[in-house]
Amino acid sequence: MAKTGIFYGPAKGSVAKVATIIAQQLGEDSTDLSTIKDCDASILNSYEKLIFGISTLGRNNWDSEHEDDDWDVFFTHLKEVNWKNKRVAIYGLGDQINYPDNFVDAIGWLYERLKDLNVDVYGPVADKGYQYNDSEGLIDGVFVGLPLDEDNEPEKSPERIRDWLVELKQEGF
Ligand SMILES: Cc1cc2nc3c(=O)[nH]c(=O)nc-3n(C[C@H](O)[C@H](O)[C@H](O)COP(=O)(O)O)c2cc1C
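Residues numbered from 1 in each chain as written. Predicted model: local features only at pLDDT ≥ 70, side-chain atom pairs only at ≥ 80, totals over all residues. Heavy atoms only, no water.

Draft legend 1. Representation of the nonpolar core in the model. Judged by nonpolar contacts, the single largest core of 53 residues is most densely connected at Ile-22, Leu-44, Phe-52, Trp-83, Tyr-91, Leu-114 and Trp-164. With 7 residues, helix α1 (residues 14-26) is the single largest residue contributor to this core. (Core = buried A, V, L, I, M, F, W, Y, C linked by side-chain atoms within 4.5 Å. Buried < 20%, exposed > 50% of the residue type's maximum accessible area, 1.4 Å probe, protein only. Helix = DSSP H or I, 4+ residues; strand = E, 2+ residues; numbered from the N terminus.)

Draft legend 2. Structural detail: the pattern of salt bridges. Counted under the stated rule, the structure contains 5 salt bridges. Two residues, Glu-150 and Lys-17, come together in a salt bridge whose shortest N-O distance is 2.5 Å. With a gap of 133 residues between them, Glu-150 in the loop between β8 (146-148) and α5 (157-170) and Lys-17 in helix α1 connect regions that are remote in the sequence. For Glu-150, a relative accessible area of 10% puts it in the buried group. Overall, the relative accessible area of 43% leaves Lys-17 in the partly exposed class. A salt bridge links Glu-48 to Arg-87; the nearest nitrogen and oxygen atoms lie 3.3 Å apart. Here the residue Glu-48 occupies a position in the loop between α2 (41-45) and β3 (49-55), and Arg-87 occupies one in strand β4 (residues 87-93), the gap between them amounting to 39 residues. Relative accessible area serves as the criterion here: at 42%, Glu-48 is assigned to the partly exposed category. Residue classification places Arg-87 among the buried residues on the basis of a relative accessible area of 19%. Where salt bridges share partners, they join Glu-153, Lys-156 and Arg-160 into one cluster. (Salt bridge = Lys/Arg side-chain N within 4 Å of Asp/Glu carboxyl O.)

Draft legend 3. How the structure looks around the site of the ligand. Taken together, 17 residues lie around the ligand, and Ser-14, Val-15, Thr-56, Asn-102 and Asp-151 are the ones closest in. Ser-14 has a polar backbone atom sitting 3.0 Å from an oxygen atom of the ligand. Between the ligand and Leu-93 there is a distance of 3.4 Å, counted from an oxygen atom to a backbone nitrogen or oxygen. Taking 640 Å² as the accessible area of the ligand by itself, protein coverage stands at 75%. (Near = heavy atom within 4 Å. Polar contact = N/O pair within 3.5 Å; in protein donor to acceptor, adjacent residues only side chain to side chain. Areas by Shrake-Rupley, 256 points an atom, 1.4 Å probe, with all protein chains shown as cover.)

Draft legend 4. Spatial organisation of the pairing of β4. β4 sits mainly inside the fold: 7 of its 7 residues count as buried. The alternating pattern of β4 places Arg-87, Ala-89, Tyr-91 and Leu-93 and Val-88, Ile-90 and Gly-92 on opposite faces, both of which are buried. Of the pairings in the sheet, the one linking β3 to β4 comprises 7 bridges and is parallel in character. When the sheet's bridge partners are listed, Ile-51 is paired in β4 with Ala-89. Where β4 meets strand β5 (residues 120-122), 3 bridges bridge the pair, whose relative direction is parallel. (Pairing = 2+ DSSP bridges.)

Draft legend 5. Main features of unusual backbone geometry. In this structure, Pro-10 follows Gly-9 across a cis peptide bond, with omega equal to 5 degrees. Along the chain, the position of Pro-10 falls in the loop between β1 (4-9) and α1. The phi torsion at Val-104 lies on the positive side, around 40 degrees, for a residue other than glycine.

Draft legend 6. Up close: the packing of aromatic side chains. Within the structure shown, the criterion is met by 11 aromatic pairs. Ring geometry for Trp-71 against Phe-74: centres 5.1 Å apart, planes inclined by 80 degrees, an arrangement best described as edge-to-face. Separated by 3 residues within a single helix, Trp-71 and Phe-74 lie in helix α3 (residues 70-78), roughly one turn from each other. On the accessibility criterion, Phe-74 (0% relative accessible area) is buried. Note on Tyr-132 and Phe-143: the rings are 5.4 Å apart at their centroids and 50 degrees apart in plane angle, and the pair reads as tilted. With Tyr-132 in the loop between β5 and β6 (138-139) and Phe-143 in strand β7 (residues 142-143), the pair connects residues that are 11 residues apart, well separated along the chain. For Phe-143, a relative accessible area of 0% translates into the label buried. (Phe/Tyr/Trp six-rings, centres within 6.5 Å; stacked < 30°, edge-to-face > 60°.)

Keep in mind these values describe shape, not function.
Structure (structure tokens):
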């Protein structure tokens, strides 16, 4: 069976921790883990199923003109990928308590960039059970990726991931 490529950034912290949990739940033999920094278009092209993991660290770290930002570099790679027959899913780390007005915004930012490239993004998540005011990750009433809050609800992550992987499977991811 074709492997799923899990690409995440930043390299250390909660996004990385969750990448490992997702790999364990999917089966380590059927997944490859990589930081976004260590990848390029040819690596991305070698997978049909890709999971991207991102944390929201403020718009300055994302929408910036910092050419050397890992995600900015990653976007240049995304533009070179042949997206035909590829499936993508997104998970995002955030903090509902300290950033209730921008909870997991980065899920939405990444989603929009993928949509600009006509990429099929799988795995929407209902916002039931999350406490926040606003999120750019919420589009037409659903999160367009899996929100996780390791700062406040780490105990909920394994089940949220499990449910999401079931949803992905049902969608034919
Ligand atoms: C400077 C800074 C800004 C942050 N901004 C947001 C934010 O806008 N929205 C949000 O949901 N979480 C925000 N967070 C919380 C992080 O997304 C959260 O702690 C996440 O788990 C970090 O993942 P990482 O350790 O993989 O970087 C911010 C954290 C920091 C340190």
